[in-house]
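Coordinates in review
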Amino acid sequence: MLRTYLAVPVVAVIPASFVARPPQGMQRAEPTIMTHAAAAGLGEAGAPQKIDALDSSIELTRDSSGYFYADVQINGAPVHMLVDTGATMIALSRNDAQMAGLAPSIAMNSVVGQGADGVVKGEPVTLQRVTLGGKTVENLPAVVLNSGGQSLLGQSFLSQFSSVHIEGDKMVLR
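Quick caveat: nothing in here was measured; it's all calculated off a predicted structure. (Residues numbered from 1 in each chain as written. Predicted model: local features only at pLDDT ≥ 70, side-chain atom pairs only at ≥ 80, totals over all residues. Heavy atoms only, no water.)

A look at the side chain of Ser156
Rule in force here: Put simply, DSSP H or I for four residues or longer makes a helix, DSSP E for two residues or longer makes a strand, and each gets a number counted from the N terminus. Partly exposed describes any residue whose relative accessible area lies between the buried limit of under 20% and the exposed limit of over 50%, with all areas from a 1.4 Å probe on protein chains only and scaled to the type maximum.
Tracing the backbone shows Ser156 in helix 4 (residues 155-158). Take Ser156: its relative accessible area is 14%, and that puts it in the buried class.

Looking at the confidence of the model for the protein
Put simply, the test is: The pLDDT score gives, residue by residue, the confidence of the prediction method on a 0 to 100 scale. Here, two residues are considered to be in contact whenever any of their heavy atoms come within 4.5 Å of each other.
In the predicted model, the protein carries a mean pLDDT of 77, and 72% of its residues have values of at least 70. Confidence over residues 1-44 falls short of pLDDT 50; this stretch has 46 contacts with residues more than four positions distant or in other chains.

Quick notes on unusual backbone geometry
Most peptide bonds are trans, and most residues other than glycine sit at a negative phi. Its identity as a non-glycine residue notwithstanding, Asn75 has a phi of 50°, on the positive side. Along the chain, Asn75 falls in the loop between strand 4 (69-74) and strand 5 (77-83). Given a relative accessible area of 19%, Asn75 falls into the buried group. Even without being glycine, Met108 reaches a positive phi, approximately 45°. On the secondary structure map, Met108 appears in the loop between helix 3 (94-99) and strand 7 (110-115). Judged by relative accessible area, which is 2%, Met108 ranks as buried.

Considerations on the pairing of strand 4
Rules: Any two strands between which DSSP finds at least two bridges are classified as paired.
By the bridge criterion, 6 bridges tie strand 4 to strand 5 in an arrangement that is antiparallel. Bridge assignment links Gln73 to a residue of strand 5, and that residue is Pro78. One ladder, built from 2 bridges, connects strand 4 with strand 8 (residues 118-132); its direction is antiparallel. Bridging from a neighbouring strand, Gln73 pairs with Thr131 of strand 8.

Topic: the pattern of salt bridges
Selection criterion: The salt bridge criterion pairs a side-chain nitrogen of Lys or Arg with a carboxyl oxygen of Asp or Glu, the two atoms within 4 Å.
All chains considered together, the criterion is met by 2 salt bridges. Residues Asp169 and Arg62 are paired through a salt bridge, measuring 3.1 Å at the closest nitrogen-oxygen approach. On the criterion of sequence distance, the pair formed by Asp169 in the loop between strand 11 (164-167) and strand 12 (170-173) and Arg62 in the loop between strand 3 (58-61) and strand 4 is long-range, its members being 107 residues apart.

A word on the packing of aromatic side chains
To keep things clear, this is the line we draw: Each Phe, Tyr or Trp ring, with Trp reduced to its six-membered ring, pairs with another whose centre is within 6.5 Å; inter-plane angles below 30 degrees give stacked pairs, above 60 give edge-to-face pairs, and intermediate values give tilted ones. Should the NZ of a Lys or the CZ of an Arg lie within 6 Å of a ring centre and within 35 degrees of the ring normal, that charge is described as sitting over the ring.
Inspection of the entire model under this criterion finds 1 aromatic pair. Relative to Phe161, the ring of Phe157 lies with its centre 5.7 Å away and its plane at 75°, an arrangement referred to as edge-to-face. With respect to burial, Phe157 and Phe161 carry one shared label: buried. The residue whose ring lies beneath Lys135 is Phe161, and the NZ or CZ to ring-centre distance is 5.2 Å.

As for the pairing of strand 8
Every regular strand shows the same layout, with side chains that alternate between the two sheet faces. Direction of pairing for strand 7 relative to strand 8: antiparallel, over a ladder of 5 bridges. Paired with Gly115 across the strands is Gly118, a residue of strand 8. Count of turn residues in the strand 7/strand 8 antiparallel hairpin: 2 residues. Here strand 8 pairs with strand 9 (residues 135-145) via 10 bridges, running antiparallel. Of the residues in strand 9, the one forming a bridge with Leu127 is Leu140.

Here it is in structure tokens:
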């Protein structure tokens, strides 16, 4: 897993804490993005993603199975993705690709990669727009997988952040 550590001098933190404080008597609201499933109360699939308004960082919380998930917009469509720091690029399930307006061919027998179980078959595509929190990337290469139901958020998108930091049950993308 990719781990990046940032050292922040105490001198910078103390003045910033005064600037970030709301006026006396007011509470600062933390903006949160949730999946439609979470908003409907459908369980852990919609674990909240917190976006810090000051530095635009995105905080993901590890779910009970031990994985990090992100609720991403692909070509304007919501997609619940497994964050896979070991994946080279975004890999979409057939269903998620169709929801994002892509029309993969029926066969998809081209070898698009190598996985733990051997060759991975699918079809290369280009995503017009991928958005997570305040980060949007356009014209991003990806693959649509021939099999498998879980879409993966890989390095083609994650590398657009200056850091990916995991500590305990939190992953912070900056």
